[in-house]
Amino acid sequence: MEKVNKIRVRYAPSPTGYLHIGGARSALFNYLYAKHNNGDFVVRIEDTDLARNIPGAEESQINDLEWLGIVDDESPYRPNPKYAPYRQTEKLEIYRRFAVELVQKGFAYECFCTEEELEKSKEEQLANGISSPRYDRRCLYLSEEDKQKLKAQGLTPTIRLKMPDNECIEFDDMVRGKMKFNSGDIGDFVILKSNGIPTYNFAVVIDDHLMNITHVLRGEEHLSNTPKQIQIYRYFGWDVPRFAHLSIIVNEHGKKLSKRDNDIRQFISEYRDLGYPADAIFNFLFLLGFSPLGEQEIFSKDEAIQLFDIAHLSNAPSMFDQKKLDWMSASYIKAMSDDEYLRFVKQFLDDKYLSFDLQTINFLLLLFKEQIHRGSDINYLMEEVLSVADFDQEVIDYLQKETSVNVINSFVEEIRNLSSLNKDMISEAFKKVSAKLSLKGKDLYMPIRLKLTGRYHGLEIYNIVIALGKETTIERLKK
Ligand code: GLU
């Protein structure tokens, strides 16, 4: 009978950059799979590419995940002593021991080739029409004596895995179905570099095994690594986890999102700083490659956990649809209570509005609740009401017309005597101006709107007047 293990999955970022959309989606799907199955979600740091590590990247990745609500059960900051450490650079001795074990069993061997030799062999193979050159195995046949001599000359070897010549490496991918590779197509790859640092394909297997990882959900770009990793499991005689390779994420033009793509913001922190609510991004990422049945698009975290099912993951590329994200973000903002919304949106408000009285600010912010897609939108909307745009010639001509001048003067007279301003009072004032001058509609409202804001469009006119207050309204109208 198959033994039933607790489901354990992991997100294993390299701290070579900040959390980006693809990484966040992998983390989310692992998290959802764990939570759906009462399993553990582990965050492990794959920091063996020393030259590319960036200070602060690890902390920021974990903070960004927490901000999204993707909270780990285990990580460098929440270690389970049974599985710690959670950073690969803290386990170098362990990887070395396992690499030596493979050498002793004849499944791996020392390689003394220099970069130049390897490069030369590659070029020769290409010149001979071999399109995917492989390591030519010259060090596989070194005698013990040769090796001692090379070591005495001060050369430190790498360790290469010896791939079987012609074996089928098969696995049943949970997203893409049966995958088949021939071991002979994969060259003998380095598992331990001469400086004692393991390569990704080796360290990942040791970690996944020692951490009892049962399922590996990761990006499609790792598909070709999987047979290499499976061969290592085979040599050790370990259980192989189940694999699920998530489809790539593409932009509107069908091109894979690349960190160099300037059209799309790639990093989760950029979205946070612009004021996209975390729940909205969580929801958006949930649908990036996952299609629940039906038309529903807004899902709470609990619903996402409940619904998540690898069988509903798409193996076709998922499109990053900025418009959909904006729509989703706006939906989450609209669904906030007014208090929640005010607290949220004030985080993004420019300091210059701090001097306004609280009532006016809250009044305006609430007016925009239905209009904003993200917190930072608030500033341009505020700007549009509270500042006056430069008048262009067309505006100047319009405001100089006799009817415009009359409307403005009469309106000032009407509101001058009001003790406070509200919607009814302002409507009443407009009615009186209308009766007096026999004007209606646009002829009545546009002169006021243009004189107050310099713009043809914006909030309803009475809201502008309320927001500006009597004094400022009169001041602008009389200018
Ligand atoms: N460190 C790898 C990456 O960032 C993880 C790959 C894996 O999940 O095995 O792509």
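### Examining the overall build of the protein
Okay, so step 1: Helix and strand counts for the protein stand at 19 helices and eleven strands.
Okay, so step 2: Taken against the 2.2 N^0.38 rule, which gives 23 Å for 479 residues, the C-alpha radius of gyration of the protein at 32 Å runs more than 25% over that of a compact globule.
Okay, so step 3: With the C-alpha coordinates aligned to their principal axes, the bounding extent of the protein is approximately 110 × 50 × 35 Å.
Okay, so step 4: The long-range share in the protein, meaning contacts at least 24 apart out of those at least 6 apart in sequence, stands at 75%.
Okay, so step 5: Approximately 24,300 Å² of the protein is accessible, and the part contributed by carbon and sulfur atoms is 49%.
Okay, so step 6: The centroid of the 63 positive side-chain charges in the protein is displaced by 1 Å from the centroid of its 74 negative side-chain charges.

### Some thoughts on the environment of Leu-365
Okay, so step 1: Note that Leu-365 resides in helix α13 (residues 358-367).
Okay, so step 2: Apart from the residues within four sequence positions on either side, Leu-365 is in contact with Tyr-341, Leu-342, Val-345, Lys-346, Leu-349, Ile-378 and Met-382.

### Things to note about the packing of helix α6 (residues 200-210) against helix α7 (residues 226-236)
Okay, so step 1: Running from N to C, α6 and α7 point in directions that differ by 55°, and their axes come no closer than 9 Å. One element, α6, and the other, α7, form an angle in the oblique class. Classified by chirality, the crossing of α7 by α6 is right-handed. Taken together, the residues of α7 that come into contact with α6 (itself represented by Tyr-200, Asn-201, Phe-202, Val-204, Val-205, Ile-206, Asp-208 and His-209) are Lys-228, Gln-229, Ile-232, Tyr-233 and Phe-236.
Okay, so step 2: Taken together, the residues of the contact of α6 with α7 sort by class into eight nonpolar, three polar and two charged.

### With respect to the pairing of strand β3 (residues 108-111)
Okay, so step 1: Burial along β3 is two-sided: the face carrying Ala-108 and Glu-110 and the face carrying Tyr-109 and Cys-111 are both buried.
Okay, so step 2: Sheet topology places β3 next to strand β4 (residues 158-161); four bridges connect them, and they run antiparallel. The residue of β4 that forms the bridge with Glu-110 is Ile-159.

### What about the sheet that holds β3?
Okay, so step 1: With antiparallel pairing, the three strands of this open sheet are ordered in space as β3-β4-β7. Of all strands in the sheet, those with a lone pairing partner are β3 and β7 (190-192), marking the two edges. On average, each strand axis in the sheet is inclined to that of its neighbour by 45°, with strand direction left out of account.
Okay, so step 2: Summarising the sheet, β4 and β7 pair through two bridges and their orientation is antiparallel. By the bridge assignment for β7, Arg-160 is matched with Val-190.

### Brief notes about the packing of aromatic side chains
Okay, so step 1: Taken as a whole and judged by the stated rule, the model has 19 aromatic pairs.
Okay, so step 2: With centroids separated by 5.3 Å and ring planes inclined at 45°, the aromatic side chains of Phe-29 and Phe-308 adopt a geometry described as tilted. With Phe-29 in helix α1 (residues 21-36) and Phe-308 in the loop between α10 (301-307) and β11 (318-319), the pair connects residues that are 279 residues apart, well separated along the chain.
Okay, so step 3: Measuring from ring centre to ring centre gives 4.1 Å for Phe-236 and Trp-238, while their planes differ by 10°; the resulting arrangement is stacked.
Okay, so step 4: With a relative accessible area of 16%, Trp-238 lands in the buried category.
Okay, so step 5: Within the aromatic cluster, the residues linked to one another by ring pairs are Phe-29, Phe-286, Phe-290, Phe-299 and Phe-308.

### Digging into the pattern of salt bridges
Okay, so step 1: For the coordinates displayed, the defined rule picks out 31 salt bridges.
Okay, so step 2: Ionic contacts of the salt-bridge type, sharing partners, join the residues Arg-10, Arg-44, Glu-46, Lys-91, Asp-207 and Asp-208 into one network.

### Quick look at the site of the ligand
Okay, so step 1: Near the ligand the following residues occur: Arg-10, Ala-12, Ser-14, Glu-46, Tyr-200, Val-204, Arg-218 and His-222.
Okay, so step 2: Here an oxygen atom of the ligand and a side-chain polar atom of Arg-218 are 2.9 Å apart.
Okay, so step 3: Its residues placed into classes, the shell around the ligand shows three nonpolar, two polar and three charged.

### Some thoughts on the environment of Asn-212
Okay, so step 1: Tracing the backbone through its elements, the reader meets Asn-212 in the loop between α6 and β8 (215-219).
Okay, so step 2: Residue classification places Asn-212 among the partly exposed positions, given a relative accessible area of 39%.
Okay, so step 3: Distance in space between the C-alpha atoms of Asn-212 and Asp-40 is 10 Å, their sequence separation being 172 residues.
Okay, so step 4: Excluding anything up to four places from it in sequence, Asn-212 contacts Arg-8, Lys-82 and Tyr-83.

### Some thoughts on helix α14 (residues 377-386)
Okay, so step 1: Burial within α14 is extensive, with seven of its ten residues counted as buried.
Okay, so step 2: For α14, every residue scored as buried is listed here: Asp-377, Ile-378, Asn-379, Leu-381, Met-382, Val-385 and Leu-386.
Okay, so step 3: Where the residues of α14 are buried, they touch α12 (338-346), α13, α18 (441-453) and α19 (461-478).

### What about the environment of Ile-230?
Okay, so step 1: Structurally, the position occupied by Ile-230 is in helix α7.
Okay, so step 2: By relative accessible area, Ile-230 is classed as buried at 3%.
Okay, so step 3: When the C-alpha positions of Ile-230 and Ser-300 are compared, they lie 37 Å apart, and in sequence the two are 70 residues distant.
Okay, so step 4: Discounting residues that sit within four places of it in the chain, Ile-230 has contacts with Ile-169, Glu-170, Phe-171, Val-240 and Phe-243.

### Observations concerning the side chain of Thr-214
Okay, so step 1: The residue Thr-214 is located in the loop between α6 and β8 in this model.
Okay, so step 2: Within the structure, the side chain of Thr-214 is placed 2.8 Å from the side chain of His-215, a separation counted as a polar contact.
Okay, so step 3: Those residues in contact with Thr-214, other than ones at most four positions away along the chain, are Asn-5, Lys-6, Ile-7, Arg-8, Pro-241 and Arg-242.

### A word on the side chain of Glu-58
Okay, so step 1: Among the secondary structure elements, Glu-58 is positioned in helix α2 (residues 57-68).
Okay, so step 2: Overall, the relative accessible area of 11% leaves Glu-58 in the buried class.
Okay, so step 3: Here Arg-87 takes part through its side chain, which lies 2.8 Å from a polar atom of the side chain of Glu-58.
Okay, so step 4: The residues touching Glu-58, leaving out its near neighbours within four places in the chain, are Pro-15, Ile-45, Pro-76, Tyr-77 and Arg-87.

Each value, and the rule that gives it
Residues numbered from 1 in each chain as written. Predicted model: local features only at pLDDT ≥ 70, side-chain atom pairs only at ≥ 80, totals over all residues. Heavy atoms only, no water. Helix = DSSP H or I, 4+ residues; strand = E, 2+ residues; numbered from the N terminus. Rg over C-alpha atoms; globule rule 2.2 N^0.38 Å. Contact = heavy atoms within 4.5 Å. Areas by Shrake-Rupley, 256 points an atom, 1.4 Å probe, with all protein chains shown as cover. Lys, Arg positive; Asp, Glu negative; His and termini not counted. Charge placed at Lys NZ, Arg CZ, Asp CG, Glu CD. Axes fitted to C-alpha atoms, helices over the stretch in contact; angles between N-to-C directions. Parallel < 35°, antiparallel > 145°, perpendicular 65-115°, else oblique. Left-handed = near helix turned anticlockwise from the far one by under 90°. Nonpolar A, V, L, I, M, F, W, Y, C, P; charged D, E, K, R; others polar. Buried < 20%, exposed > 50% of the residue type's maximum accessible area, 1.4 Å probe, protein only. Pairing = 2+ DSSP bridges. Phe/Tyr/Trp six-rings, centres within 6.5 Å; stacked < 30°, edge-to-face > 60°. Salt bridge = Lys/Arg side-chain N within 4 Å of Asp/Glu carboxyl O. Near = heavy atom within 4 Å. Polar contact = N/O pair within 3.5 Å; in protein donor to acceptor, adjacent residues only side chain to side chain.

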